[in-house]
Amino acid sequence: MARKYDLISELYNRTCKTVVSSPKSWQDFLTSACRNYKLRFDEQLLVFAQRPDATAVLEIERWNGTFGRWVNKGATGIAVFDDVSRSRQRLIHYFDISDTHESRYSRPVPIWSMKPEYEEEIIETLESTFGAIEDKSSLASAIMCAARNATEDNIPDYVGDLLYTIDNSFLEDLNEDMIASLYRKTVTNSVAYMMMERLGIDTEEHFFREDFEDIINFNTPGTLNALGFATSDIAEMGLTEIAKTVMSLERQNRIIAENRKPDYNIGRNQNTERSPQNERTDIHDAGRLQTAQFGAAGTAGSADGTVLTNEGEVPEREPQGAVLQSPDELQAERASDADRTDGDRNGGTPDERDGGEGGLDREPESDGYDELGSEDE
């Protein structure tokens, strides 16, 4: 372990020199750091050195316990210092989410993403967190103003640490006011760059090489740490508040979507599902004749002549005098009546209704009935 600790320490020192070698190298580091903005600066630097494409890193215990995800067999951990002072000379290892897989106990990992419709709410969040924003014409402009406000409010806490570490650096020959001005400018641009990158804004449209040209002056581990920790801490303030806003909006959108689902399904069921009531309504509206309806109901009956749901409604409708029933249809009606529990196969008459008297004295309903006739009449 001691040998590996020495190797990681050497890697850290080499990476410190690399990221301050040019504005482009520093921007590459900020692009990596913005995805893991909750890490300390020294951890972000080692993640950049080992896995610059990492999007969400945690220790194996947290992947297992908090999110129910298992680390893939053969995955290589990202070694970082256990504590910022390196007093214990101990390493811990992170694994990126791409090094893990789900289990049946998995829970969602809160990796948020920006959407255009969130811009207004994010600008309000930045203003409420860092003070009045002068330019709200775009999200990028609002972020630049917020980064400037945040740096102005917090930079005094870090300037003293920087001045204490300027020996043997390119800052050594500058006066304190010049150092403070240069420091403020670089931190402000670095914070804004991290926030824009994390929100998916094209940084090439808003930053130029000269915005980070002073990075080469932080050419010692001490001065770079003073710059890096200030940038990381202030950017985390802004990105944490932005994350809360985005996740709150996403949660609201999910709730709205879930509330709409039942209404949508009910509407579909009402319009598309078939039922006896729907069919009966459609038949009536279409003006179909009674004989056609009886024929449809007859085909829906069982083998013994029992008619389904529409059976009880056919006798209640007034017969249409202009339409004659054929002998076959009458025979089907009588067969149906004979099968009912209240019918009498031997002694019943076609004109009896639920135990009422026969229709001997009743006037015939149509001439067709006289022609067909029955023995009782």
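Further up the page is the structure itself.
Residues numbered from 1 in each chain as written. Predicted model: local features only at pLDDT ≥ 70, side-chain atom pairs only at ≥ 80, totals over all residues. Heavy atoms only, no water.

One finds W26 and Y183 to be the most contacted residues of the largest nonpolar core, which totals 79 residues. For this core, the leading source of residues is helix 9 (residues 221-272), giving 12 residues. Contact partners of W26, with chain neighbours within four places excluded, come to V19, F41, S190, F212, I215, L224 and L227. (Core = buried A, V, L, I, M, F, W, Y, C linked by side-chain atoms within 4.5 Å. Buried < 20%, exposed > 50% of the residue type's maximum accessible area, 1.4 Å probe, protein only. Helix = DSSP H or I, 4+ residues; strand = E, 2+ residues; numbered from the N terminus. Contact = heavy atoms within 4.5 Å.)

This part takes up the layout of surface pockets. Taken as a whole, the second largest pocket holds about 690 Å³ of empty space. In this structure, the second largest pocket is lined by 28 residues; those nearest its centre are R35, K38, A56, V57 and P110. At the level of secondary structure, the elements contributing two or more residues to the lining of the second largest pocket comprise strand 1 (57-58), helix 4 (60-65), helix 8 (176-198) and helix 9. Among the elements that line the lining of the second largest pocket, the one with the most residues is helix 9, at 4 residues. Residue classes in the lining of the second largest pocket are distributed as 15 nonpolar, 4 polar and 9 charged. (1 Å grid on protein atoms, 1.4 Å probe; cavity = no way out; pocket = protein on both sides within 12 Å on 5 of 7 lines; lining within 4 Å. Points joined across faces, edges and corners; volume = space filled by probe spheres on them. Nonpolar A, V, L, I, M, F, W, Y, C, P; charged D, E, K, R; others polar.)

Tallied over the entire structure, the rule returns 11 aromatic pairs. Considering the side-chain rings of Y12 and F81, the 5.7 Å spacing of their centres and the 70 degrees angle between planes classify their relative orientation as edge-to-face. Here the residue Y12 occupies a position in helix 1 (residues 2-19), and F81 occupies one in strand 3 (residues 78-81), the gap between them amounting to 69 residues. For the pair Y12 and F81, a shared accessibility class is recorded, and that class is buried. With 6.3 Å between their ring centres and 40 degrees between their planes, Y183 and F218 make a pair best called tilted. With Y183 in helix 8 and F218 in the loop between helix 8 and helix 9, the pair connects residues that are 35 residues apart, well separated along the chain. With relative accessibility at 0%, the residue F218 sits in the buried group. One aromatic cluster is present, formed by W26, F29, F41, F48 and F229 through successive ring pairs. Over the ring of Y12 we find R86, and its NZ or CZ is 4.7 Å from the ring centre. (Phe/Tyr/Trp six-rings, centres within 6.5 Å; stacked < 30°, edge-to-face > 60°. Lys NZ or Arg CZ within 6 Å of the ring centre and 35° of its normal.)

With that settled, the discussion passes to the environment of R86. The topology assignment puts R86 in the loop between strand 3 and strand 4 (91-96). A residue is classified by how much of its surface remains accessible, and R86, at 27% relative accessible area, is partly exposed. With 77 residues separating them along the chain, R86 and S9 place their C-alpha atoms 9.7 Å apart. If we skip the residues at most four places from it in the chain, R86 touches Y5, S9, Y12 and F81.

Spatially, 1-4-3 is the arrangement adopted by the 3 strands of the open sheet, whose pairing is antiparallel. Only two strands of the sheet have a single partner each, and these edge strands are strand 1 and strand 3. The pairing of strand 3 with strand 4 spans 4 bridges and is antiparallel. In the sheet register, V80 faces strand 4, and the bridge partner there is I92. Taken strand by strand, helix 1 contacts strand 3 and strand 4, and its axis lies near 85 degrees from that of strand 3. The strands that helix 3 (residues 41-50) touches are strand 3 and strand 4; relative to strand 3, the one it contacts most, it runs at about 155 degrees. (Pairing = 2+ DSSP bridges. Axes fitted to C-alpha atoms, helices over the stretch in contact; angles between N-to-C directions.)

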